[in-house]
Structure formats: structure tokens, C-alpha cells
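Listed below, chain by chain, are the residues.
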Amino acid sequence: MNRVLISGVLMLAVSFNLAAAGAEIVPAPQKWEPGTETLELETTDLSYYFVEKPNPNNIFALNQLIIFWEANQALRLTPGTRGKADLLVGKLGIFDKLDEAFRQEDIDQIGEEGYIISVTADRIFVGAHTDAGVFYGIQTLRQYMMPYRDRKIPTLYLADWPDFKLRAWQDDALSKGAPETDYIKDQIKKFAQFKLNGLVFETNPVLPKNVIDELNRFAGLYHVKLFFNEKPAGELQEAVIQAKDRIWPDLRGLNYEIKDAVAKAKESGAAQFLLRTSDENYFGFFESFYLPVIWGGVNLW
């Protein structure tokens, strides 16, 4: 997941072309080695086995793979045994056969959200340290296998991990009247495929708490954290405009005016689940996260 750039309303995700294998992976993986053999699936049934008891997040990720493969490649995922399953997937450190498919240096390197994939001539291995890593590994496997409708999968060894803990996208469509719940869920599903784990939505007016709670539950299945950024509070916006006209360029005076407006806005009650201009933490969040990205051109993944 090598190159993702975020800048307000622009994201650049540099894809990775596995020329030898004919597949494209977005974002680009950190490490890959195309093999020289082929995994040939004799039937449309692909058996899988989780090395630990699947939890709701893992079951959800697997169901996403099932739906995609059945719709696009006529592959049917069925439960198998850990000794014979075509796809062996799960957390590392539980089943030796899974761990042995990967290099120790990569197991040590991938961290909390990384994953390793090994496609051999006999079976497919996907391993990670956490549920998020398993989810991201499954997303990459889905992309990798997409071109091979003939069920002849080139062998591959791939290790991937994020460079940044928070990989977010800002969307202000809600402030322009886009449908709320369905639109947000579609965005969550879309961006989670490419390992983004944060979405910032500009909202006007503020969404009800019960709606936000449901969206947070839904986003959790995709390992995405939501931020709801309320449009500038009227009191604060008006105070800044008036203060700028009256005392500019006395920046100290302007700062006092803003602080006073913040205090007044807070009296109306700032919700804990929102990023609001009436909360000083709002500015700290954008100064510490967005500014280095926007001006520094950093690699967000």
C-alpha cells in the first residue's frame, strides 16, 4: 500500500501493475515477488479455512469476497479443512502451517494493519496480526484474482503494511444536499477497498446521534473511523468576519475575538462525536494531520 496522497478533495492512489501476473493492485504494495508457477483451480469451488474461530469482522470480510467472486468470476467459496483448504487465512501465531508460508522478516515488519499473501502452486495463504490486517489482505486478494476468470492464478509472494496510521478522505457532498445514510455507506465501502481507514464528512445541518451511531457501527465492519465536521458555527464565522474588518491586522486582537466566539458557541453544547469549529481540538486536529499532508505531499499509506 505504497502511495496514497490526501489533500482536501484530491486523492492520488498510485496503482501497482504486476506486469508478470497481469493484475493491478491499488494502493501499491510495499513488497512483491511474482512467481513462475500457476495455481490451477480445477473446479469453481474454492475451499477456505480460518485458522482461528472467525469473529464477526472476519466473517464479514469473507462474505465480501464470496459475493464478489460469485458475481465476477463464478467462484464459489465453501468451508474446508485446514490441511486441504485452497485458501488458508487468519491471524499469525496460531497455526504453524500458515506462519511457515511467510518469511519471519515480513511477519515482524507488517505491524498491526499489514498482511502477507502467498499464492503457491497448491494453495493461497493470507496472514496478518489483526482483524484489520486480515480484512486488507482479503481486499488485495480480491483485486489480484480479478483478471483470472480461467481459474489459473499466477503464483505470488506479497507483503504490505501502511506507512501512516490514519489514511483519510474528506468529503463535503453532504453539505451540498447529497443523500445522507446511503451515500455515506457507499463511500465507506468504496474507500475501504483501498485501505483508507478514515472518512471526514462535512455536514450541514448536523446528523442526528442515532444516525451517526448506526453509521459508526457500519463503518466498524470495514475498519473505518468516521469524523463528522460541522460547517462553521454562525457565531464564530460572524465574529471572525467582523473582527477582521475592525482590528485587522492586529492578530492578537483577532485571536481574542475568536476565543470569545468559541466560548459562546460552546455554551450551546458541542457533541462529543463531532469535529466542530466551536471546539479548540478541531483546529489542533487539522494542524497536526492535514497541514503536513496538504503542504508536504507525504505518502499517506
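(A) Main features of the overall build of the protein chain. Within the protein chain, the regular secondary structure consists of nine helices and 15 strands. Here the contacts in the protein chain between residues at least 6 apart in sequence split such that 72% fall between residues at least 24 apart. When the accessible surface of the protein chain is split by element, carbon and sulfur atoms take 52% of a total near 14,800 Å².

(B) Spotlight on the pattern of salt bridges. Summed over the entire model, instances satisfying the criterion amount to 11 salt bridges. Among the salt bridges present, the one from glutamate 33 reaches arginine 103, with a minimum N-O distance of 2.6 Å. Within this pair, whereas glutamate 33 is found in strand 5 (residues 31-40), its partner arginine 103 is found in the loop between helix 2 (96-99) and helix 3 (104-109), the two being separated by 70 residues in sequence. By relative accessible area, which is 33% here, glutamate 33 ends up partly exposed. With its nearest N and O atoms 3.1 Å apart, the salt bridge here joins arginine 167 to glutamate 113. Residue arginine 167 is located in the loop between strand 11 (152-160) and strand 12 (168-171), and its partner glutamate 113 is located in the loop between helix 3 and strand 9 (115-119); the two are separated by 54 residues in the primary sequence. The residues arginine 167 and glutamate 113 share a single accessibility class, namely buried.

(C) Region of the structure containing the packing of aromatic side chains. Following the criterion strictly, the structure yields six aromatic pairs and no others. Centre to centre, the rings of phenylalanine 218 and tyrosine 222 are 5.2 Å apart; their planes meet at 45°, and the pair counts as tilted. Members of the aromatic cluster, connected to one another through ring pairs, are Phe60, Phe135, Tyr136, Phe218 and Tyr222. Positioned above the aromatic ring of tyrosine 157, the side-chain terminus of arginine 103 is 4.3 Å from the ring centre.

(D) The side chain of threonine 78, seen in detail. In this structure, threonine 78 sits in strand 7 (residues 76-79). With relative accessibility at 18%, the residue threonine 78 sits in the buried group.

(E) Expanded view of the environment of aspartate 160. Positionally, aspartate 160 belongs in strand 11. Among the residues examined, aspartate 160 registers a relative accessible area of 0% and is labelled buried. Through-space distance from the C-alpha of aspartate 160 to that of isoleucine 110 is 6.4 Å; in sequence the pair is 50 residues apart. From its side chain, aspartate 160 meets the backbone nitrogen of glutamine 30 in a polar contact 3.1 Å long.

(F) Region of the structure containing the packing of helix 5 (residues 181-192) against helix 6 (residues 209-221). Look at helix 5 against helix 6: their axes get within 10 Å of each other, and the N-to-C directions meet at 20°. In terms of orientation, helix 5 and helix 6 fall into the roughly parallel class. Considering the relative orientation of helix 5 and helix 6, their crossing is right-handed. Together, Thr181, Ile184, Lys185, Ile188 and Lys189 of helix 5 and Val211, Glu214, Leu215, Phe218 and Ala219 of helix 6 make up the contact between the two elements. Broken down by class, the residue content of the contact of helix 5 with helix 6 amounts to six nonpolar, one polar and three charged.

(G) The environment of glycine 83, seen in detail. The topology assignment puts glycine 83 in the loop between strand 7 and strand 8 (87-91). The class for glycine 83 is exposed, based on a relative accessible area of 58%. Along the chain, glycine 83 and lysine 97 lie 14 residues apart, while their C-alpha atoms are 8.6 Å from each other.

(H) Layout of helix 5. Under the 1.5 Å per step criterion, the end-to-end length of helix 5 is 17 Å for 12 residues, consistent within 8% with the ideal 16 Å. The set of residues buried in helix 5 consists of Ile184, Gln187, Ile188, Phe191 and Ala192. End-on, the buried residues of helix 5 take up no more than an arc of 115°, which puts them together on one face.

Analysis parameters
Each chain carries its own residue numbering, running from 1 in the written order of its sequence. Local features in this predicted model are restricted to residues whose pLDDT is 70 or higher, and side-chain atom pairs enter the listing and the counts only when it is 80 or higher, whereas totals over whole chains, interfaces and linings include all residues. No hydrogens and no water enter the side-chain calculation; it runs on all heavy atoms of the structure. A run of DSSP states H or I qualifies as a helix once it reaches four residues; a run of E qualifies as a strand once it reaches two. Both are numbered from the N-terminal end. It only takes one pair of heavy atoms within 4.5 Å for two residues to be counted as in contact. To be clear on the numbers: accessible area is Shrake-Rupley with a 1.4 Å probe, and residue cover counts the displayed protein chains and nothing else. For this document, the term salt bridge refers to a Lys or Arg side-chain nitrogen within 4 Å of an Asp or Glu carboxyl oxygen. The classification of residues rests on relative accessible area computed with a 1.4 Å probe and restricted to protein chains. Under 20% of the type maximum is buried, over 50% is exposed, and intermediate values are partly exposed. Aromatic pairs are defined between Phe, Tyr and Trp rings, using the six-membered ring for Trp, whenever the two ring centres lie within 6.5 Å; interplanar angles under 30 degrees are classed as stacked, those over 60 as edge-to-face, and all others as tilted. A ring has a charge above it when a Lys NZ or an Arg CZ is no more than 6 Å from the ring centre and no more than 35 degrees off the ring normal. The definition of a polar contact used here is a pair of N or O atoms within 3.5 Å, where within protein one atom must be able to donate a hydrogen and the other to accept one, and adjacent residues in sequence count solely through side-chain atom pairs. Helix axes are fitted only over the stretch in contact, all axes being lines through C-alpha atoms; the angle between N-to-C directions runs from 0 to 180 degrees. An angle below 35 degrees is treated as roughly parallel, one above 145 as roughly antiparallel, one from 65 to 115 as roughly perpendicular, and anything else as oblique. In this scheme the handedness of a crossing depends on how the near helix is turned from the far one: anticlockwise by less than a right angle means left-handed, clockwise means right-handed. When residues are sorted by character, Ala, Val, Leu, Ile, Met, Phe, Trp, Tyr, Cys and Pro go into the nonpolar class, Asp, Glu, Lys and Arg into the charged class, and all the rest, Gly among them, into the polar class. Here the expected length of a helix is defined as 1.5 Å per residue gap, with one fewer gap than residues. Think of it as the arc spanned by the lines of direction from the helix axis to the C-beta atoms.

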